[in-house]
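For reference, the chains in residue letters:
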Amino acid sequence: MNTLSNLKMPRAVCCGEGALKKMPEILQAASVKKAAVFTDKGIRSAGLLDPVLEQLQKSQAAFCVLDDLPPEPSYGQVQKLVDACRAEGADMILAVGGGSVMDTAKLAGVLLDGSSTVHDLLEAPGRAKKCCPTLMIPTTAGTGSEATPNAIVAVPEQELKVGIVSDAMIADNVLLDPLMIKNLPRKIAAATGVDALAHAIECYTSNKANPISDTFALEALDMILNNILPACDSADAVSQKSAMQLASFYAGVAITASGTTAVHALSYPLGGKYHIAHGVSNAILLAPVMRFNAPACPERFAAAYDRCVHGEKTCVTQEEKTEFMLRWLEKIVRHLEIPTSLSAFGVSASDLETLVAAGMQVTRLLNNNLRPVTADDARALYRRIL
Ligand SMILES: NC(=O)c1ccc[n+]([C@@H]2O[C@H](COP(=O)([O-])OP(=O)(O)OC[C@H]3O[C@@H](n4cnc5c(N)ncnc54)[C@H](O)[C@@H]3O)[C@@H](O)[C@H]2O)c1
Ligand SMILES: [Zn+2]
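Rules of the game
Residues numbered from 1 in each chain as written. Chains lettered and ligands numbered in written order. Predicted model: local features only at pLDDT ≥ 70, side-chain atom pairs only at ≥ 80, totals over all residues. Heavy atoms only, no water. Salt bridge = Lys/Arg side-chain N within 4 Å of Asp/Glu carboxyl O. Helix = DSSP H or I, 4+ residues; strand = E, 2+ residues; numbered from the N terminus. Donors = N, O, S within 2.8 Å, 3.2 Å for Na, K, Ca; no water. Tetrahedral: all angles 85-135°; square planar, octahedral: opposite > 155°, others 65-115°. Buried < 20%, exposed > 50% of the residue type's maximum accessible area, 1.4 Å probe, protein only. UniProt positions renumbered as here; feature names shortened; annotations may be inferred. Core = buried A, V, L, I, M, F, W, Y, C linked by side-chain atoms within 4.5 Å. Domains from an automatic or database assignment. Contact = heavy atoms within 4.5 Å. Pairing = 2+ DSSP bridges. Buried area = accessible area lost by both parts, 1.4 Å probe.

Draft legend 1. Structural detail: the pattern of salt bridges. Taken as a whole, this structure holds 23 salt bridges when the rule is applied. Taking the shortest distance from any N to any O, the salt bridge between Asp 83 and Arg 86 comes out at 3.2 Å. Note that Asp 83 and Arg 86 are positioned in helix α4 (residues 75-88) at a spacing of three residues, about one turn of the helix. Residue Arg 186 pairs with Asp 233 through a salt bridge whose shortest N-O separation is 2.9 Å. Taken as a pair, Arg 186 in helix α7 (residues 186-204) and Asp 233 in helix α8 (residues 211-233) lie far apart in primary sequence, 47 residues in all.

Laid out in structure tokens, this is it:
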């Protein structure tokens, strides 16, 4: 375990029903003249932009809406939006959306002065410079991007997704309003919810785990394991959906304090080359990678069992507790009907070597994995999910 702990998070977070109503106050405190609202067409057609624009009108700031953003954009697509935002002369960035929208907005927040491009940050993230205040309003639960200094972009020429990390991208304000996730379609709720689950358990079993990250990761893990199924299955499960929203944020704080591991590392090429949604590729890898990792940290799995199982605790030994936790992960992915293999996405045995080569490049996250991952290990893990 890491001996140095660091807590970094957004300056102010408001969570709960009606959180959106904080917007005018936030904009007035920052003396905003023109806000740029980053969103996407899916959010707009789900009617989620309207309550935000209503609050913006109350704030008396001018605003523009930038919604020409595909899910999981490439760095070139992000750059186009950053340039459009600069042309609008905005002095505050708002994000209303999932991780794709928030990551793009966070990049805009450090590139608005035009002194660097997204491509520059891929090479030198230290060039990111905070240009204006940012406000994140997540609509998935979720990536936790509202809490992290990370922005993930696709790099088509490498067929990979790459994370840009800079403290300058940590948002100033976050509003977690259940209104924004109340009608999240089941498929999106499932994939993004398992992404949050992966964040929590990866950070808890990471090389970089520390007392601060453990606090957030374990609380997130407990909340997610015990709420994800009703939150996805039932339209009326408002308190469980709210729990998922807060837990995703906590898991994001855990990412900042610790770091994700081999699930996310091996998932990047699946997004970059085969365009499998981030939550889905993580869900496919989650249980197999955790099964691979378990021998390196049985005490962590046992502690997670002790914390997260609230009914009768029937497991006694570390091995029993670890097996219980691994089966719990498998059951969740199966119940949510997320594919458990890559065949559904046209990936076959002939793709194996390309995947291994690309996955092994994600050393930023592989180095966080408690059990070292060799190319042979990566090959065996990919083969297991073919
Ligand atoms: N920065 C970070 O720390 C971090 C962490 C994890 C993932 N990510 C990145 O986030 C991206 C994935 O984000 P995501 O999983 O939130 O999905 P997303 O933002 O790509 O959205 C997926 C789809 O869901 C729709 N959608 C979102 N919210 C909705 C709602 N409430 N109702 C109806 N439709 C809705 C969107 O319109 C979109 O079509 C990936 O690029 C991933 O790499 C970033
Ligand atoms: Zn993730």
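Draft legend 2. Highlighting the coordination of the zinc ion (ligand 2). Distances from the zinc ion (ligand 2) to its protein donors, Asp 195 (OD), His 199 (NE2), His 264 (NE2) and His 278 (NE2), fall within 2.0 to 2.1 Å. One can describe the site at the zinc ion (ligand 2) as irregular: its four donor atoms subtend angles covering 88 to 164° at the metal. Ordering the donors of the zinc ion (ligand 2) by residue number gives the pattern D-x3-H-x64-H-x13-H. Of the two residues, Asp 195 is situated in helix α7 and His 278 in helix α11 (residues 278-293); the sequence distance between them amounts to 83 residues. Accessibility assignment for this pair places Asp 195 and His 278 in one class, buried.

Draft legend 3. Examining the UniProt feature "domain: Fe-containing alcohol dehydrogenase-like C-terminal" (unreviewed entry) in the chain more closely. Under the UniProt annotation, the feature "domain: Fe-containing alcohol dehydrogenase-like C-terminal" (unreviewed entry) is placed at residues 190-385. Between the end C-alpha atoms of residues 190-385 there is a gap of 19 Å, over a span that is 71% helix and 0% strand.

Draft legend 4. Structural context of the nonpolar core. Formed by 117 residues in total, the largest nonpolar core has its most connected members in Phe 38, Leu 107, Val 194, Leu 221, Ile 224, Leu 225 and Leu 286. Here this core gathers at least three residues from each of two domains, domain 1 (12-180) and domain 2 (186-384). For Phe 38, the residues in contact, after removing those within four places along its chain, are Leu 66, Leu 81, Cys 85, Ile 93, Leu 94, Ala 95, Val 96, Val 101, Thr 104, Ala 105 and Ala 108. Among the nonpolar cores identified, the runner-up in size contains 22 residues, and Met 23, Val 32, Leu 48 and Val 52 belong to it.

Draft legend 5. Structural detail: the UniProt feature "domain: Alcohol dehydrogenase iron-type/glycerol dehydrogenase GldA" (unreviewed entry) in the chain. Cross-referencing UniProt, the feature "domain: Alcohol dehydrogenase iron-type/glycerol dehydrogenase GldA" (unreviewed entry) maps to residues 10-178 in the present numbering. Secondary structure within residues 10-178 divides into 33% helix and 24% strand; the distance between the first and last C-alpha atoms comes to 19 Å.

Draft legend 6. Broad picture of the pairing of strand β7 (residues 160-165). The sheet contact formed by strand β6 (residues 150-155) and β7 spans six bridges and is antiparallel. In the sheet register, Val 155 faces β7, and the bridge partner there is Leu 160. Counted along the chain from β6 to the antiparallel partner β7, the turn is four residues long, and its residue Glu 159 has a positive phi close to 50°.

Draft legend 7. Structural view of the domain arrangement of the chain. Examined at the domain level, the chain breaks down into domain 1 (12-180) and domain 2 (186-384). One C-alpha centre belongs to domain 1, the other to domain 2; they are set 26 Å apart. Surface buried jointly by domain 1 and domain 2 totals about 2100 Å² across both partners, of which 62% is contributed by carbon and sulfur atoms. Among the residues of domain 1 in contact with domain 2, Ala 141, Glu 159 and Leu 160 are the three that bury the most area, contributing 25% of the side total. Counting every contact that joins domain 1 to domain 2 gives one salt bridge.

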